[in-house]
Amino acid sequence: MKFNTASSDGSATYMAHDLTVLELVWCAGFLDGEGWFGFCTRKSGKGRGVIAIDATQVRKEPLERLQRCLGGRIDGPYSNGGGNRKPKYRWTAGSCDATLQAIKRLLPWLSTPKREQVAVALHRWESRRAAYIGGPLPQATCRQGHARTNDNVYIGKTGFRYCRSCRATYMK
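Note that the coordinates shown come from a computational prediction; the quantities given were computed from them, not determined experimentally.

Draft legend 1. Representation of the nonpolar core within the structure. If you look at the biggest cluster of nonpolar residues, it comprises 26 residues, and the most contacted ones within it are Leu31, Ile53, Leu66, Leu70, Trp91 and Leu106. Contributing elements (two or more residues each) for this core: helix H1 (21–34), strand S3 (35–40), strand S4 (50–57), helix H2 (61–70), strand S6 (88–92), helix H3 (96–106) and helix H4 (112–133). Here the element with the most residues in this core is H1; it accounts for five residues. In contact with Leu66, not counting residues within four places along its chain, are Trp26, Cys27, Phe30, Leu31, Ala55, Gly71 and Trp91.

Draft legend 2. Examining the packing of aromatic side chains more closely. Here the structure, examined in full by the defined rule, presents two aromatic pairs. Between Trp26 and Phe30, the aromatic rings sit 5.2 Å apart at their centres with planes inclined by 10°, giving stacked as the arrangement. Linking Trp26 with Phe30, this pair stays in helix H1, spanning four residues, or about one helical turn. Lying across the ring of Trp26, Arg65 places its NZ or CZ 4.1 Å from the centre.

Draft legend 3. View of the pairing of S6. Across four bridges, the pairing between S4 and S6 is antiparallel. Bridge assignment links Thr56 to a residue of S6, and that residue is Arg90. Sheet topology places strand S5 (residues 73–78) next to S6; four bridges connect them, and they run antiparallel. Within the sheet, the bridge partner assigned to Arg73 lies in S6 and is Thr92.

Draft legend 4. Highlighting the sheet that holds S3. Reading across the sheet, the four strands line up as S3-S4-S6-S5 and stay open at both edges, with antiparallel pairing between neighbours. In this open sheet, the two edge strands, each paired with only one partner strand, are S3 and S5. Going across the sheet, the axis of each strand differs from the next one's by a mean of 25°, ignoring polarity. Contacts between H2 and the sheet are confined to S4, S5 and S6, with S6 contributing the most and set at about 10° to the helix.

Rules used in this analysis
- Counting from 1, residues in each chain are numbered in the order their sequence is written.
- Whole-chain, interface and lining totals are the exception, using all residues; otherwise, since this is a predicted model, local features are given only for residues with pLDDT of at least 70 and side-chain atom pairs are given and counted only at 80 or more.
- Computation of side-chain values: all heavy atoms of the structure, hydrogens and water removed.
- Only buried Ala, Val, Leu, Ile, Met, Phe, Trp, Tyr and Cys residues count toward a nonpolar core, and they belong to the same one when joined by side-chain atoms within 4.5 Å.
- Throughout, exposure labels follow a simple rule: accessible area from a 1.4 Å probe, protein chains only, divided by the maximum for the residue type, with under 20% read as buried, over 50% as exposed, and the rest as partly exposed.
- The secondary structure listing takes helices from DSSP runs of H or I that are at least 4 residues long and strands from runs of E that are at least 2 residues long, numbered from the N terminus.
- Contacts between residues were defined by any pair of non-hydrogen atoms, one from each residue, lying within 4.5 Å.
- Two rings belonging to Phe, Tyr or Trp (six-membered ring only in the last case) form a pair when the distance between their centres is within 6.5 Å. Interplanar angles under 30 degrees mark stacking, angles over 60 mark edge-to-face geometry, and anything in between is tilted.
- Put simply, a charge is over a ring when the Lys NZ or the Arg CZ is close to the ring centre, within 6 Å, and near the line of the ring normal, within 35 degrees.
- Pairing between two strands requires that DSSP report at least two bridges joining them.
- Where helices are involved, their axes are fitted lines through C-alpha atoms of the stretch in contact, as for all axes, and angles between N-to-C directions lie from 0 to 180°.

In C-alpha cells:
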C-alpha cells in the first residue's frame, strides 16, 4: 500500500510500503554504491542535528524507484556545475524517524564500509541527542579534560550540558 502526502512546499512525499526482499536488496545495493549515510547540523554547527540518507543522480528513474520503496522525497533538478554537465536530482529519506526506519530495514544488506558509515552517523546523532535531552553523558570529560560528573555539569537554557569548571575559569 502506497500513498503520498503534500509537503509544505507543494511537492509530494511518498511513504514506503511493505517491501519484498528483492526490493530491499536493490535499495541497499543502490545506496551502498550511490548513497550517503551521515549526520548533519545547520551551517552554524549549532542545534541538535539530524541523521540523514541521501543519493544524487543525473537520471531521476533510479531515485523514483528508491522513493517507491523507502519513501522520502526527490528534489531537483539542480545545476551540476555548468558546462556540459547534466542537471542532477537528489533523494532524501525525509524525517529522522523515516531515516532510522530505512536504516533498520537496509542494514543487513549493506557492505561493511557502508555499515561503518551508518555506525558513525548513529553515534554522532546519539551523542548530540543525549546532550540535549539529558540522557547519558556522551563523553567522560569536557574538551579541557574536566570530569563530567553531575556536580560539575549544568544544563543551560538551550538544554545543552556545560562544564562548571570551564565556566569558573572563563569567569575569572
